[in-house]
Amino acid sequence: MIKLAHGSGGEKTRELIEKLFLPAFKNPILEKLEDSGRLNGIAITIDGYTVKPIFFRGGDIGKLSITGTVNDLAVCGARPKAIAVSIIVEDGFPTEKLEKIVSSMAKISREVNAPIVTGDFKVVSKGEIDEIFIITSGIGEIFYPSLGADRVSAGDRIIVSGPIGDHSLAIMGERYEVELPQGFESDCAPILKLVEAITQVGGIKWMRDPTRGGLAAALNELAKAINKEILIYEDSVPFRKEVLNFCEIFGFDPYHLASEGRFIAVVDKEKSEKILSELTKFPEGKNAAIIGEVREKSKGRVIVKTKFGGLRLLDPPTGELLPRIC
Amino acid sequence: MCLAVPHKVVEINGKEAITELGGIKKKTRLDLLEDVKVGDFVLVHAGFAIEKLNPEEAREILDAWREIEEHQS
Amino acid sequence: MLGEKLKNIKVKRHLRFMEVCGTHTVNICRFGLRNLFPEEVELRSGPGCPVCVTPASAIKIGIDLALKNDKFVITTYGDMMKVPGPNGTLADAKAKGGKVFSVYSITEALSLAEKNEDLKVIFLAVGFETTAPASAWAIKEAKLKNIKNFFLLSFHKLVPPAMELLASEGTLDGFLCPGHVSTIIGTEVYKNIARKYKIPCVISGFEAEDIIFAMIKLIEMAENEAYDVFNAYKRAVKKEGNKVAQGLLNEVFEEVDSEWRGIGVIPKSGLDIKEEYADFDAKIAFNIEKEDIPENPACKCGEVLKGYIYPYECPLFGKSCIPEHPIGPCMISSEGSCAAYYRYGGRLKDD
């Protein structure tokens, strides 16, 4: 039986991919399990967006749908060239909301110079879906081909481009009826400019945007793929205090929270400081940080060095994020 | 066994308060306490304030550390 | 560094302590404090994870109710959603179409009942003295507001009877007492346990500094044979505890013998709803009968919960029993000892 946990980007999702999709669709491009499929200088990606609430601080489902697609291309070293969109709404969905969502999509598409060149629109009976779903696919031209988990080696540094988890907080804050400070927003934004800037420096080996499942899911996937250890220095991870406090109150793990405008890059140690200084030139990259390193020590696990000098395993999320009393 | 986090009381309406922890404001029930005032710090578990934090004791860990350090030196 | 002080304490003999509380277990693992203890000091994890000690039959009762009638709504804390019972988890019941909702606070369940008179909203209540007062409040509130479609399925438990059971076995040299349970019950209960069973008790907060400080204190008391209670969490724990909460508990609940998963029945260690509030008791309203569900005999959770063994000493640990496919209760809950050890690696070495 398929459950919500299978769609949460955590272990259950991984299990389903490995047991069902990979064997069924078997091919060498898919097997790399990257954010986009890369073939002959071209990258292609697709994603479905079902976010609730559809309007949130710092964005809406429309902005998210285009951003997510161009970011999936960007972390594969590709510049988006064209986007295809499918919008499904339920009967009775207000036109004004649809207009707002469409205009957000148009804005991001113009911003990254990736026209929406084809589309599809459907209406289903009320209750068949919840308000609106958007599926977007993008095609991009690869400008930085030398990426892949197989290039990662011990000693490489892990960089994040900014604070992690702001998007989840913007979304979950509504669900749990918390009031966030003025100006707190989802990080939802295209990362293309930042990726382009650091690829000029070179030495980038692997990139991923930590969306569903957060840093924990992305780093565990990488650790498994490279069969090495990833060590994270807890003190260096740029979480905002609101994110940490929200997690503290409701019992979430901040490493499980999603971002929609950040990326993780594994880079050559020698180039790491230069890359970091490139990132911090951008306003959205000003909190970028080197948060860890790749080591040979143990195979396929992620370890966090706590600020008290202790160590712990960082586990991937195992399903839907739920608040805890314990 | 029980997550409980200190919040500052910023607003009170009857037995319901708005409490804040570092920028996060939420509703908290005050039914398990007496005489809570705006500005008090309370410990919140599952949406209920379960104790007022004693400001004089808030420094106990710091003081205890000092004691241990003095003891050892 | 703070931790160095703890690590460098000279201890004269082997000391076996127990942290009773699951949140301590998790934080000790999460902060990586276990590798800061002196070699002679071991800290075993105790039974203080309410989800772990809730019998499997409780999950089954919740699932059966959710799937029996589409007007029945099961609400519970998020902690309970992924706990497997004999017929799956509450999350499974939700996937099958049952109305199951996780809440952060019982207030959400009560307002759901208030707003939907056609539904019967059942709150599956777990937790110790810290959590039970909110349940007592909800029942009183339901009576006051005449909300007739709100029911509590109480699996609340009390910590001191379990501590007494473990203390009576004479294998422990000290208790790290649960901070937030103590906020409600106060410090005097431990004094009796400390004196009767010659076992020092230190009440600890949850920050790394709190735990390190409490551990230093506990070592000192054990070495000096000080069989007393020390409150190292004074900012949140008063000697007399929270009188309002205690009053609510006494008014709504009565102490009953209660089954702890993995441990068995402990006398006077559970809370059932008093007759006066029977209208809100789901056990009565839905004729729920107790059912014995056998555990996997290979699972050593009972021994883990009593601190006899470390999680990794169980033959199933990390093999057939992992957080995604838990076999026993300690791997099920995120604050269960086995899950905490699995996730945080116990004493990870970084040479």
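Residues numbered from 1 in each chain as written. Chains lettered and ligands numbered in written order. Predicted model: local features only at pLDDT ≥ 70, side-chain atom pairs only at ≥ 80, totals over all residues. Heavy atoms only, no water.

Engineer: Sorry if this is basic, but what is going on with the environment of Ala 189 of chain A here?
Structural biologist: Residue and element names in this part refer to chain A. Mapping Ala 189 onto the fold places it in the loop between helix 5 (166-175) and helix 6 (192-201). We classify Ala 189 as partly exposed; its relative accessible area is 26%. Separated by 122 residues in the primary sequence, Ala 189 and Thr 67 place their C-alpha atoms 5.9 Å from one another. With residues near it in sequence (within four places) discarded, Ala 189 still touches Thr 67, Asn 71, Glu 260 and Gly 261. (Helix = DSSP H or I, 4+ residues; strand = E, 2+ residues; numbered from the N terminus. Buried < 20%, exposed > 50% of the residue type's maximum accessible area, 1.4 Å probe, protein only. Contact = heavy atoms within 4.5 Å.)

Engineer: Please explain the sheet that holds strand 4 (residues 99-103) of chain C as it appears in this structure.
Structural biologist: Hydrogen bonds between backbone atoms are what pair the strands of a sheet, whose relative direction is either parallel or antiparallel. Residue and element names in this part refer to chain C. The sheet built from 4 strands is open, its strands ordered 4-3-5-6 with parallel pairing. Two strands close off the open sheet at either side, each with one partner strand: strand 4 and strand 6 (150-154). Strand-to-strand, the axes of this sheet are offset by a mean angle of 25°, without reference to chain direction. Strand direction decides the pairing type here: strand 3 (residues 72-77) and strand 5 (residues 120-125), joined by 5 bridges, are parallel. Residue Thr 75 lies in a different strand from strand 5, and its bridge partner there is Phe 123. (Pairing = 2+ DSSP bridges. Axes fitted to C-alpha atoms, helices over the stretch in contact; angles between N-to-C directions.)

Engineer: I'm lost on the nonpolar core in this one. Help?
Structural biologist: In a soluble, globular protein the nonpolar side chains are often hidden away together inside. Residues Ile 106, Ile 122, Phe 123, Phe 150, Phe 175, Tyr 190 and Phe 253 of chain C are the most contacted members of the largest nonpolar core, which totals 113 residues. A total of 7 residues in this core trace back to one element, the largest contributor, which is helix 7 (residues 132-144) of chain C. The residues touching Ile 106 of chain C, leaving out its near neighbours within four places in the chain, are Phe 48 of chain B together with Tyr 77, Phe 123, Ala 134, Ser 135, Ala 138, Phe 150 and Leu 152 of chain C. Counting 51 residues, the second largest nonpolar core, distinct from the first, contains Ala 218, Val 302 and Leu 314 of chain A together with Val 5 of chain B. (Core = buried A, V, L, I, M, F, W, Y, C linked by side-chain atoms within 4.5 Å.)

Engineer: Would you mind going over the sheet that holds strand 7 (residues 132-142) of chain A with me for this structure?
Structural biologist: Residue and element names in this part refer to chain A. Read from one edge to the other, the open sheet built from 5 strands follows the order 1-2-7-5-6, with strand pairing classed as mixed. Sheet topology places strand 1 (37-39) and strand 6 (116-124) at the edges, where each strand pairs with a single neighbour. Strand-to-strand twist in this sheet, taken as the mean axis angle between neighbours without regard to direction, amounts to 15°. Here strand 1 runs beside strand 2 (residues 42-49); their pairing, made up of 3 bridges, is antiparallel. If you follow Leu 39 over to strand 2, its bridge partner there is Ile 42. Across the sheet, helix 3 (residues 61-74) lies against strand 2, strand 5 (78-90), strand 6 and strand 7, angled at about 30° from strand 7, the strand it touches most. Each of strand 5, strand 6 and strand 7 touches helix 4 (residues 95-111); the most contacted strand, strand 5, lies at about 175° to it.

Engineer: Explain the interface of chain B and chain C to me, please; I cannot follow it from the model alone.
Structural biologist: Note on interface size: it is often stated as the accessible area lost on association of the parts. Facing 30 residues of chain B, the contacting portion of chain C comprises 42 residues. Together chain B and chain C conceal approximately 2,900 Å² of surface at their shared face, both sides included; 68% is due to carbon and sulfur atoms. Inspection of the chain B/chain C interface yields 1 salt bridge. Summed over the shared surface of chain B and chain C, the number is 9 residue pairs in polar contact (both at pLDDT 80 or more). Element by element, the count of residues in the side of chain B that touches chain C is highest for helix 1 (residues 60-72) of chain B, at 7 residues. Across the side of chain B that touches chain C, the residue classes break down as 17 nonpolar, 4 polar and 9 charged. (Buried area = accessible area lost by both parts, 1.4 Å probe. Salt bridge = Lys/Arg side-chain N within 4 Å of Asp/Glu carboxyl O. Polar contact = N/O pair within 3.5 Å; in protein donor to acceptor, adjacent residues only side chain to side chain. Nonpolar A, V, L, I, M, F, W, Y, C, P; charged D, E, K, R; others polar.)

Engineer: Is there a simple way to explain the environment of Lys 63 of chain A in this structure?
Structural biologist: Residue and element names in this part refer to chain A. In this structure, Lys 63 sits in helix 3. Spatially, the C-alpha atom of Lys 63 lies 9.9 Å from that of Lys 100, the residues being 37 residues apart in sequence. Beyond its immediate sequence surroundings of up to four residues, Lys 63 is in contact with Gly 58, Ser 104, Met 105, Ile 108 and Cys 188.

Engineer: Help me out: how do you make sense of unusual backbone geometry in this one?
Structural biologist: For residues that are not glycine, phi is negative in most cases, and the peptide bond is trans in most cases. In this structure, Pro 53 of chain A follows Lys 52 of chain A across a cis peptide bond, with omega equal to 0°. By the element assignment, Pro 53 of chain A lies in the loop between strand 2 and strand 3 (55-56). Backbone geometry at Asn 113 of chain A places phi at a positive 60°, although glycine is not the residue there. When you line up the elements, Asn 113 of chain A lands in the loop between helix 4 and strand 6. On the accessibility criterion, Asn 113 of chain A (62% relative accessible area) is exposed. In this structure, Lys 198 of chain C is a non-glycine residue whose phi angle is positive, near 50°. Mapping Lys 198 of chain C onto the fold places it in the loop between helix 10 (188-197) and strand 8 (201-203).

Engineer: Just checking my understanding: could you explain the pairing of strand 3 of chain C for this structure?
Structural biologist: If a strand is regular, its side chains alternate between the two faces of the sheet. All names here are of chain C. For strand 3, the tally of buried residues reaches 6 of 6 residues, placing the bulk of the element in the interior. Judged from the 5 bridges that link them, strand 3 and strand 4 form a sheet pairing that is parallel. Its bridge partner being in strand 4, Ile 74 is matched across the sheet by Val 100. Following the backbone out of strand 3, through helix 5 (residues 90-95) and into the adjacent parallel strand 4, one traces a crossover that is right-handed. (Right-handed = clockwise from strand over helix to strand, strands pointing away.)

Engineer: What is the right way to look at helix 9 (residues 269-279) of chain A in this model?
Structural biologist: Owing to its 3.6 residues per turn, the α-helix brings residues three or four apart onto one side. All names here are of chain A. Within helix 9, burial applies to Ser 272, Ile 275, Leu 276, Glu 278 and Leu 279. Across the axial projection of helix 9, the buried residues extend over an arc of 155°, all falling on one side. Exposed and oriented more than 90 degrees from the buried face of helix 9 are Glu 270 and Glu 273. Contact partners of the buried residues in helix 9: strand 8 (157-160), helix 6, strand 9 (204-208), strand 11 (264-267) and strand 12 (289-295). (Arc of directions from axis to C-beta.)

Engineer: It is not clear to me how the pairing of strand 1 (residues 15-21) of chain C should be interpreted in this structure. Could you clarify?
Structural biologist: All names here are of chain C. The buried fraction of strand 1 amounts to 6 of the 7 residues, a majority that puts the element mostly inside the structure. Bridge analysis of strand 1 against strand 2 (residues 41-48) gives 6 bridges, and the strand direction is parallel. Each bridged residue has a counterpart across the sheet, and for Cys 21 the counterpart in strand 2 is Gly 48. Direction of pairing for strand 1 relative to strand 7 (residues 174-177): parallel, over a ladder of 3 bridges. Residue pairing in the sheet places Glu 19 in a bridge with Leu 176 of strand 7.

Engineer: Just checking my understanding: could you explain the state of the cysteines for this structure?
Structural biologist: Tallied over the entire structure, the rule returns 1 disulfide over all chains. The partner cysteine of Cys 49 of chain C in its disulfide is Cys 52 of chain C, sulfur to sulfur 2.4 Å. On the sign convention where negative is left-handed, the bridge of Cys 49 of chain C and Cys 52 of chain C, at about 75° about the S-S bond, is right-handed. Of the two residues, Cys 49 of chain C and Cys 52 of chain C, both sit in the buried class. With no disulfide of its own, Cys 76 of chain A has Cys 188 of chain A as its nearest cysteine by sulfur position, at a separation of 18 Å. (Disulfide = S-S within 2.5 Å.)

Engineer: So what exactly am I meant to see when it comes to a nonpolar patch on the surface here?
Structural biologist: Together, Ile 29, Leu 39, Ile 42, Ile 44 and Ile 139 of chain A line one region of the surface with nonpolar side chains, adding up to about 370 Å² of accessible area. Assessed through its relative accessible area of 41%, Ile 44 of chain A is described here as partly exposed. (Patch = residues over 30% accessible without salt bridge, like charges linked within 9 Å, V, L, I, M, F, W, Y side chains within 5 Å. Areas by Shrake-Rupley, 256 points an atom, 1.4 Å probe, with all protein chains shown as cover.)

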